[in-house]
Amino acid sequence: MSTKPFKRAGFAQPVFTQSATKKEEVGTLRILKDGRGFRYAKAGSSNLAAGKLALSAAVAADVMNEACANAHAIGDIQFAETITSATYAADYFAGGYLQINDATGEGHQYKIDSSTAVAAATAITLSLAETIRVALVASTSEFSLVHSPWMAVVESATLGSPAGITPHVVTAAYYYWIQTKGLALALSGNTDAVGKPVFQGTTTAGSVNGADTASYYPMVGIVMGTAGVSGEYKPIMLTLD
């Protein structure tokens, strides 16, 4: 499987539909003729509303800074280790990354093609899109599992990483195309002027806001053509991709 999930044709799921089953690799980039960009995403445990900003799900602490129990040689394409306390469905980490965050092999990350289902304190097996480049040492190397930014996306007023604007109503745990680039319709959280950058709104979940922000917040897009009106849906030029 390609480490760069980009396709120009042959998509199994139309843009403005949802699916209970996965039709594309999560994170796949799709560009329409008018320049709008979409990523293949999966909703989290709650329904998503049209025109609202969705965020990447947080990475759980129990898949961060885990010590390798096994050695992994250069050239290995599979990675099997035990997760301490979490439960994950099969392929939750597909399209995400294995990151070596400390000790031998640190600084390298590897694209994940697939992952097995795992219960607490049992082994998970990852099939990698890239072979291990630096051998990992048992009881020394530490790893983290980072899911795709478009896996289990949520609406929230808590500061997070913007994943895109949901273009239609989406059922919890369904797959869909989330918009990340080009002209979009988004919930305004403020009366922002034309041309002003907007960020994640942290007062109203799912909104974009040019005032309800700090200098370090990630930018979502630019107010396009007409000023924002708090509580209404207005055009913005998305700049996430």
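Residues numbered from 1 in each chain as written. Predicted model: local features only at pLDDT ≥ 70, side-chain atom pairs only at ≥ 80, totals over all residues. Heavy atoms only, no water.

Asker: Go over the overall build of the protein with me, naming the residues and quoting the values.
Answerer: For the protein, the count of helices and strands is zero helices and 16 strands. On C-alpha atoms alone, the protein measures out to a radius of gyration of 19 Å, which is about the 18 Å that the 2.2 N^0.38 rule sets for 241 residues. Principal axes of the C-alpha set define a box for the protein whose edges measure 60 × 40 × 30 Å. A total of 241 residues make up the protein; the buried ones form 43% of that total. A separation of at least 24 residues holds for 66% of the contacts in the protein among residues at least 6 apart in sequence. Carbon and sulfur atoms make up 56% of the accessible area of the protein, which totals about 10600 Å². The centroid of the 16 positive side-chain charges in the protein is displaced by 14 Å from the centroid of its 18 negative side-chain charges. (Helix = DSSP H or I, 4+ residues; strand = E, 2+ residues; numbered from the N terminus. Rg over C-alpha atoms; globule rule 2.2 N^0.38 Å. Buried < 20%, exposed > 50% of the residue type's maximum accessible area, 1.4 Å probe, protein only. Contact = heavy atoms within 4.5 Å. Areas by Shrake-Rupley, 256 points an atom, 1.4 Å probe, with all protein chains shown as cover. Lys, Arg positive; Asp, Glu negative; His and termini not counted. Charge placed at Lys NZ, Arg CZ, Asp CG, Glu CD.)

Asker: Explain the packing of aromatic side chains residue by residue, including any values.
Answerer: Summed over all chains, the structure comprises eight aromatic pairs. Aromatic rings pair up to connect Phe 11, Tyr 40, Tyr 175 and Trp 177 into one cluster. It is Arg 30 that lies over the ring of Trp 177; its NZ or CZ is 5.1 Å from the centre. (Phe/Tyr/Trp six-rings, centres within 6.5 Å; stacked < 30°, edge-to-face > 60°. Lys NZ or Arg CZ within 6 Å of the ring centre and 35° of its normal.)

Asker: Run through the sheet that holds strand S5 (residues 66-67), naming residues and quoting values.
Answerer: Read across the sheet, six strands follow the order S5-S10-S7-S8-S9-S6 without closing on themselves; strand pairing throughout is antiparallel. Only two strands of the sheet have a single neighbouring strand rather than two, namely S5 and strand S6 (78-82). (Pairing = 2+ DSSP bridges.)

Asker: Give me the lowdown on the side chain of Ser 207, citing residues and values where you can.
Answerer: With respect to the secondary-structure elements, Ser 207 resides in the loop between strand S13 (197-200) and strand S14 (208-209). Exposure remark for Ser 207: the relative accessible area of 2% places this residue in the buried category. Within polar-contact distance, the side chain of Ser 207 engages the backbone oxygen of Thr 204 at 2.7 Å. Not counting chain neighbours up to four residues away, the residues in contact with Ser 207 comprise Leu 53, Leu 187, Ser 188, Gly 189, Phe 199, Gln 200 and Gly 201. (Polar contact = N/O pair within 3.5 Å; in protein donor to acceptor, adjacent residues only side chain to side chain.)

Asker: Give me the lowdown on unusual backbone geometry, citing residues and values where you can.
Answerer: One non-glycine residue with positive phi stands out, namely Ala 103, at about 70 degrees. Under the relative-accessibility criterion, Ala 103 is labelled partly exposed at 26%. Even without being glycine, Ala 173 reaches a positive phi, approximately 70 degrees. As for its position among the elements, Ala 173 is in the loop between strand S11 (162-166) and strand S12 (175-187).

Asker: Let's hear about a nonpolar patch on the surface: which residues, and what values?
Answerer: On the surface, a nonpolar cluster with roughly 240 Å² of combined accessible area is contributed by Leu 183, Met 224 and Met 237. The exposure class of Met 237 is partly exposed, given its relative accessible area of 30%. (Patch = residues over 30% accessible without salt bridge, like charges linked within 9 Å, V, L, I, M, F, W, Y side chains within 5 Å. Salt bridge = Lys/Arg side-chain N within 4 Å of Asp/Glu carboxyl O.)

Asker: If you had to explain the nonpolar core to someone new, which residues and values would you point to?
Answerer: Of all hydrophobic cores here, the largest spans 41 residues; its most connected members are Leu 98 and Leu 145. Taken together, the elements giving at least two residues each to this core come down to strand S3 (37-42), strand S7 (97-102), strand S8 (109-115), strand S9 (123-128), strand S10 (142-146) and S12. When residues in this core are grouped by element, the largest group, four residues, is from S12. Residues Val 198, Val 208, Val 220 and Leu 238 belong to the second largest nonpolar core, which totals 11 residues. (Core = buried A, V, L, I, M, F, W, Y, C linked by side-chain atoms within 4.5 Å.)

Asker: Tell me about the side chain of Ser 56, and name the residues and values.
Answerer: Its location among the elements puts Ser 56 in the loop between strand S4 (52-55) and S5. A distance of 2.9 Å separates a polar side-chain atom of Ser 56 from the backbone oxygen of Pro 149. Beyond its immediate sequence surroundings of up to four residues, Ser 56 is in contact with Pro 149, Ser 161 and Ala 163.

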